[in-house]
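What follows is the residue order along each chain.
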Amino acid sequence: TGNLWGYGKEDGPSVWHKNYPVAQGDRQSPIDIVPHQASHDPSLGPVVLNYDQCTSIKIANNGHSVVVEFDDSDDRSVIRGGPLDNPYRLKQFHFHWGVKGCHGSEHTVAGNSYASELHLVHWNAVKYTTFGEAATAPDGLAVLGIFLQTGDDHRWLNMITDALYTVKFKGSAADFKGFNPKCLLPSSLHYWTYLGSLTTPPLHESVIWIVVKDPITVSEKQLGKLRTLLFTGEEEDQRTRMENNFRPPQLLKGRNVLWSFR
Ligand code: 1SD
Ligand code: ZN
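Rules and cut-offs
- Residues numbered from 1 in each chain as written.
- Chains lettered and ligands numbered in written order.
- Predicted model: local features only at pLDDT ≥ 70, side-chain atom pairs only at ≥ 80, totals over all residues.
- Heavy atoms only, no water.
- Donors = N, O, S within 2.8 Å, 3.2 Å for Na, K, Ca; no water.
- Tetrahedral: all angles 85-135°; square planar, octahedral: opposite > 155°, others 65-115°.
- Buried < 20%, exposed > 50% of the residue type's maximum accessible area, 1.4 Å probe, protein only.
- Salt bridge = Lys/Arg side-chain N within 4 Å of Asp/Glu carboxyl O.
- Helix = DSSP H or I, 4+ residues; strand = E, 2+ residues; numbered from the N terminus.

Q: Explain the coordination of the zinc ion (ligand 2) to me, please; I cannot follow it from the model alone.
A: Four donors placed tetrahedrally about a metal ideally form angles of 109.5 degrees, and six donors placed octahedrally ideally form angles of 90 or 180 degrees. With distances of 2.0 Å, the protein atoms coordinating the zinc ion (ligand 2) are His 94 (NE2), His 96 (NE2) and His 119 (ND1). Geometry at the zinc ion (ligand 2) is tetrahedral, judged from its four donor atoms and the angles of 98 to 118° they form at the metal. When the donor residues of the zinc ion (ligand 2) are listed from N- to C-terminus, their spacing reads H-x1-H-x22-H. Given a relative accessible area of 11%, His 94 falls into the buried group.

Q: Any chance you could explain the pattern of salt bridges here in plain terms?
A: Side chains that differ in sign of charge can pair as their charged atoms come close. Per the stated rule, a full pass over the model turns up 10 salt bridges. Arg 89 is the partner of Asp 75 in a salt bridge, and the nearest nitrogen-oxygen pair spans 2.7 Å. Here Asp 75, found in the loop between β5 (66-70) and β6 (77-81), pairs with Arg 89, found in strand β7 (residues 88-97); they are 14 residues apart in sequence, far enough to count as distant. Assessed through its relative accessible area of 43%, Asp 75 is described here as partly exposed. The shortest N-O distance in the salt bridge between Asp 162 and Lys 225 comes to 3.9 Å. Of this pair, Asp 162 sits in the loop between α3 (157-161) and β11 (173-175) while Lys 225 is found in helix α4 (residues 220-226), placing the two residues 63 residues apart along the sequence. Note on Lys 225: relative accessible area 31%, which makes it partly exposed. Taken together, the salt bridges that share partners define one network made up of Asp 71, Asp 74 and Arg 76.

So this is what it looks like as structure tokens:
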């Protein structure tokens, strides 16, 4: 189909290095977070999210995930604090998930996977003029990662899952205004942080990762709705369900993981 990469047998994470050699680089993501090997950094403050009510614009299927995009033309929705030297603007959020409950997150904790992982992607608009420029700079992006475990229904995730029928096919998009992702976060934002990369090609080593320790809870039924999305476009004869769209943990290569909580 002319796609350079995907999550299938022939185009999945194990072959990404052929087209994207940085896949074998020194600061790749995700990683396995081993809590007792992480260092406490008492100078790390809390992360603070200033998310305005009204900056979400649309929901889209980009062929790899479902993405909610934001108006990032000003500082109305930013993350600050923690390891960040200045505010980073919210650009979009998306999810990674598996086929059945036990796998699906990208980061793992002491070797354990969660069912899914939410990524809120922010960029450094103080130092860089466009998202694209920031995405190739070592301090260009800040991604907040939230684990999803299975259990009860998550009240606010329904806002997303109810809109999925509009973006079933790759390349489809629909209006999605006024959604504040704050409702998808756990009550504590205690986190681990380390320097890494995008987890999808082009795998740029430009991300300050902030991975939140406490998961949110969503139901198996809600995850099932994510799995009704398709990797494929409306015009393609073959239909492939969107699932297992996660990259497995990469080598730490001497990096330090820091934590902020007690
Ligand atoms: O998978 C996303 C990808 O869709 C895109 O959003 C990219 C940023 O341009 O980020 C990656 S990830 O590293 O946040 N998984
Ligand atoms: Zn992601």
